[in-house]
Amino acid sequence: MENLDMRKKMVIMLAVMSAMFFSSINITIIGTSLPKIVAAIGGMEYFNWAFTIFMLTSSITASLVGKLSDIYGRKIFLLAGICIFMIGSLLCGFSGTIGQLIMFRGIQGFGGGMIMSSAFTTMGDLFAPRERARWQGVMAGMLGVSSLFGPTLGGYVVDRMDWSWVFWMFLPIGAVAFFMIFKLYPQVKRKPKEKIDYLGAFVLSIAILSILLGFSWAGTEYSWISVEIIGLFFVSFVSLSLLIVIEKRAESPVIPLYLFKHRVVTISCMVLLLFGMGLFGLIMYIPFYVQGVLGKSATTSGIMEMIMTVSMVLCSAAAGQYITRTGRYKALALVGFSLMTLGLFMISQLASDTELSLLTYSLIVCGIGIGFTMPVFTLTVQNAVEHKDLGVATACVQMFRQMGGTIGVSVMGFILTSRMAEKLSPPLISPMEENPLEVELNPQHLMNAEAMEDIKSQLSPEMLTSFEQFISLSRDALDYALTEVFLFATIVVALAFLATTFLKELPLRTSNEEQQSAAVGNEQSL
């Protein structure tokens, strides 16, 4: 596919990016709309499963499709992914209960995993690593755009239309992407038949499922030292150990272990695990500071994250152009992690009376750092492996980044709740009840500025003074906890910087036909 006419390559990339946008916008748009959806269909106690099930099914699918696409080609999985995602989206709009919504979101996840895994691998089929960097920046920027407009658009739709249109409004984009890929994507020659590693695929699925569920539930559904969480981590350990034994003996392993003998692959996956922890933690907990500590509205919180996303998108595109022009990427990643570490540290030092402008500067620094690193590490892995392993190597990249995000958000959530408990011990007493109630150690009660104003307007002057003191102490406790949350994120990203210093900067290939055996042979096993 590398030898296709450039015009045809660009049209194929447009189709692939349309499919990615269709998938990613459907992921981000649900964030602000889900509360109203749940209010309409009920099931608030299962609220989080609408997110969790998508993460589980998409992660498992992406990890398995990587190897299968190396055997059967990317086209069939792109088309199947779009179809499955469209069916899931259509059914989500018809959900009458929370159980149905969760089930149909799971179907969406299967399709989304196929799309994401195959899309990034397709870029590797079309372009040599040197030229690929430019497109890595563009695709990272496009994902940023979807995260930029998705939440705002979701809120707009549910405020003015039936909530079902959150899932239906982008179906035409999926249909167009399917038609373009079906017509324009060349049918590649199938490789000699390989025996599919069904046992390895099953054990890998169990390992991913238990790890992600363990970190998703720890500190929220169950205690970190509960039987359920320890049991899930034990299952994941046993599954990973069994997977290593199976993959060593498999004729065509779903996760070839020889990939991790290559130092570039191992270090890149380690960096992406740490990067995912810092990135997803930043995105998740900035709203807690803006709304919970500063007392600003959700709109203001969205604007803050929008500023960071714009700087990330611009710098990601610029980084891709720089790598294509110079062939250098390690220094760019080191600068990016340095800036991201600095930005996170600046955020960790902000207080409850900080000017919003200081947060803005900090987020811009973080956005620039994220943008510089975004195009690098998928590229390093794809450049280091032979083309026959492109799909499975790309799937590993996505798996480690996703796992990092899940682990990071979970650990930071534990830090948040435990530090708030420490600061609010003994618990504050709410002045609002005739029979005072202890405040729950949950920062969500500070997140709704409009509701706070409504409450204030109904209180007597005597009660208003007590209530404002109560809220001030609660905000201080949240600020205290978030300081440690962002310090943890700072340390994690600093470790990613340190790991990157050990990355060997291999020359970017100018053709996919170049053999990698010599490069692989020269690398030392870890």
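Residues numbered from 1 in each chain as written. Predicted model: local features only at pLDDT ≥ 70, side-chain atom pairs only at ≥ 80, totals over all residues. Heavy atoms only, no water.

Participant: So, the overall build of the protein: which residues are in play, and what are the values?
Facilitator: Of the regular secondary structure elements, the protein holds 19 helices and 0 strands. The 526 residues of the protein split such that 55% are buried. In the protein, the share of contacts with a sequence separation of at least 24, taken over all contacts with a separation of at least 6, comes to 83%. Of the roughly 22700 Å² of accessible surface on the protein, a fraction of 66% belongs to carbon and sulfur atoms. (Helix = DSSP H or I, 4+ residues; strand = E, 2+ residues; numbered from the N terminus. Buried < 20%, exposed > 50% of the residue type's maximum accessible area, 1.4 Å probe, protein only. Contact = heavy atoms within 4.5 Å. Areas by Shrake-Rupley, 256 points an atom, 1.4 Å probe, with all protein chains shown as cover.)

Participant: Would you mind going over the environment of Met180 in detail, with residue names and values included?
Facilitator: Considering the arrangement of structural elements, one finds Met180 in helix α8 (residues 171-184). Residues Met180 and Ala15, 165 residues apart in the sequence, show an inter-C-alpha distance of 5.8 Å. Those residues within four positions of Met180 in sequence are excluded, and the remaining contacts are Val11, Leu14, Ala15 and Tyr185.

Participant: Now, about the environment of Ile60: what can you tell me, with residues and values included?
Facilitator: Mapped onto the fold, Ile60 is located in helix α3 (residues 49-72). In this structure, the C-alpha to C-alpha distance between Ile60 and Leu209, residues 149 residues apart in sequence, is 7.5 Å. Residues contacting Ile60, with those up to four places away along its chain left out, are Ser205, Ile208 and Leu209.

Participant: Give me the lowdown on the packing of helix α13 (residues 330-348) against helix α14 (residues 356-373), citing residues and values where you can.
Facilitator: The interhelical angle for the contact between α13 and α14, taken along N-to-C directions, is 155°, at an axis separation of 7 Å. As judged from the angle between their axes, α13 and α14 are roughly antiparallel. Like other packed secondary-structure pairs, α13 and α14 cross with a definite hand, here left-handed. Facing α13, whose interface residues are Leu332, Ala333, Val335, Gly336, Phe337, Leu339, Met340, Leu342, Gly343, Leu344, Met346 and Ile347, α14 presents Leu359, Ser362, Leu363, Val365, Cys366, Ile368, Gly369, Ile370, Phe372 and Thr373. Residue composition of the contact of α13 with α14, grouped by class: 17 nonpolar, 5 polar and no charged. (Axes fitted to C-alpha atoms, helices over the stretch in contact; angles between N-to-C directions. Parallel < 35°, antiparallel > 145°, perpendicular 65-115°, else oblique. Left-handed = near helix turned anticlockwise from the far one by under 90°. Nonpolar A, V, L, I, M, F, W, Y, C, P; charged D, E, K, R; others polar.)

Participant: Help me get a handle on helix α5 (residues 98-126), residues and values and all.
Facilitator: Here α5 spans 41 Å end to end across 29 residues, near enough to the 42 Å set by a 1.5 Å rise per residue. Counting buried positions over the 29 residues of α5 gives 24, a clear majority of the element. (Expected span 1.5 Å × (residues − 1).)

Participant: Got a sec to walk through α8? Specific residues and values, please.
Facilitator: Taking 1.5 Å of rise per residue, the 14 residues of α8 would be expected to cover 20 Å, and the 20 Å separating its terminal C-alpha atoms lies within 8% of that figure. Turning to α8, its buried residues are Leu171, Gly174, Ala177, Met180 and Ile181. For α8, the secondary structure elements touched by its buried residues are α1 (6-28), α4 (75-93) and α7 (165-168).

Participant: Account for the packing of helix α15 (residues 376-384) against helix α16 (residues 390-423), naming residues and giving values.
Facilitator: Direction vectors running N to C along α15 and α16 enclose 150°, while the axes themselves pass 9 Å from each other. Handedness of the α15/α16 crossing: right-handed. On α16, the residues touching Phe377, Thr378, Val381 and Gln382 of α15 are Leu390, Ala393, Thr394, Val397 and Arg401.

Participant: I'd love a proper account of the environment of Cys396, names of residues and values included.
Facilitator: By the element assignment, Cys396 lies in helix α16. Residue Cys396 is classed as buried on the basis of its relative accessible area of 3%. Expressed as a C-alpha distance, the spacing of Cys396 and Val265, which sit 131 residues apart in the sequence, is 9.2 Å. Once residues within four sequence positions are removed from consideration, Cys396 is found in contact with Ile255 and Phe260.

Participant: Report on the side chain of Ser89, specifying residues and quantitative values.
Facilitator: The topology assignment puts Ser89 in helix α4. Residues within four places of Ser89 in sequence aside, it is in contact with Phe22, Asn26, Gln108, Phe167, Trp168 and Leu171.

Participant: Provide a residue-level description of the side chain of Gln108, including the pertinent values.
Facilitator: With respect to the helices, strands and loops of the structure, Gln108 is situated in helix α5. On the basis of relative accessibility, which here comes to 0%, the residue Gln108 falls in the buried class. Once you skip the residues sitting within four places of it in the chain, Gln108 turns out to touch Asn26, Phe54, Phe85, Gly88, Ser89, Cys92 and Phe167.

Participant: Summarise a nonpolar patch on the surface; cite the residues concerned and give the values.
Facilitator: Side chains of Phe234, Val235, Phe237 and Val238 sit close together on the surface and give an oily, nonpolar patch of about 390 Å² of accessible area. Tracing the chain through its elements places Phe234 in helix α10 (residues 227-249). For Phe234, a relative accessible area of 56% gives the class exposed. (Patch = residues over 30% accessible without salt bridge, like charges linked within 9 Å, V, L, I, M, F, W, Y side chains within 5 Å. Salt bridge = Lys/Arg side-chain N within 4 Å of Asp/Glu carboxyl O.)

Participant: Before we move on, can you summarise the pattern of salt bridges with the specific residues and values?
Facilitator: Here the structure, examined in full by the defined rule, presents 4 salt bridges. Here Arg74 ties to Asp70 by a salt bridge, and the two come within 2.9 Å at their closest N and O atoms. You can call Arg74 buried: its relative accessible area is 6%. Ionic pairing is found between Arg328 and Glu505, a salt bridge with its closest N-O pair at 3.0 Å. Of the two residues, Arg328 sits in the loop between α12 (298-326) and α13 while Glu505 sits in the loop between α18 (461-500) and α19 (517-522), which places them 177 residues apart along the sequence. Using a relative accessible area of 25% as the deciding quantity, one classes Glu505 as partly exposed.

Participant: Could you give me a rundown of the nonpolar core, with the residues and numbers involved?
Facilitator: Proteins that are soluble and globular tend to have nonpolar side chains buried together. Judged by nonpolar contacts, the single largest core of 93 residues is most densely connected at Leu282, Leu359 and Leu482. Looking at this core, the element that brings in the most residues is helix α11 (residues 263-293), giving 17 residues. Excluding its chain neighbours within four sequence positions, the residues that come into contact with Leu282 are Glu305, Met308, Leu344, Ile347, Leu363, Cys366, Ile370 and Phe486. Formed by 49 residues, the second largest nonpolar core is a distinct cluster that contains Val16, Met123, Ala177 and Ile181. (Core = buried A, V, L, I, M, F, W, Y, C linked by side-chain atoms within 4.5 Å.)

Participant: I'd like a rundown of the packing of aromatic side chains, residues and numbers included.
Facilitator: How two aromatic rings sit relative to each other is given by the distance of their centres and the angle of their planes. Applying the stated criterion across every chain yields a total of 15 aromatic pairs. Where Trp165 meets Trp168, the ring centres are 5.5 Å apart and the plane angle is 85°; that geometry is what we call edge-to-face. With Trp165 and Trp168 both in helix α7 and 3 residues apart, this pair spans about one turn of that helix. Relative accessible area serves as the criterion here: at 38%, Trp165 is assigned to the partly exposed category. A relative accessible area of 18% places Trp168 in the buried class. Aromatic ring contacts, followed pair by pair, group Phe215, Trp224, Phe233 and Phe414 into a single cluster. The ring centre of Phe182 lies 5.6 Å from the NZ or CZ of Lys75, which sits over that ring. (Phe/Tyr/Trp six-rings, centres within 6.5 Å; stacked < 30°, edge-to-face > 60°. Lys NZ or Arg CZ within 6 Å of the ring centre and 35° of its normal.)

Participant: Describe the confidence of the model for the protein, and please don't skip the residues or the numbers.
Facilitator: In the predicted model, the protein carries a mean pLDDT of 80, and 84% of its residues have values of at least 70. When mean pLDDT is compared element by element in the protein, α13 scores highest at 94, while α19 scores lowest at 42. A low-confidence stretch, residues 432-443 stays under pLDDT 50, and its non-local contacts, those more than four residues away or across chains, total 24 contacts. Note that pLDDT drops below 50 for residues 515-526; the model gives that stretch 20 contacts with residues more than four away or on any other chain. (pLDDT = per-residue confidence, 0-100.)

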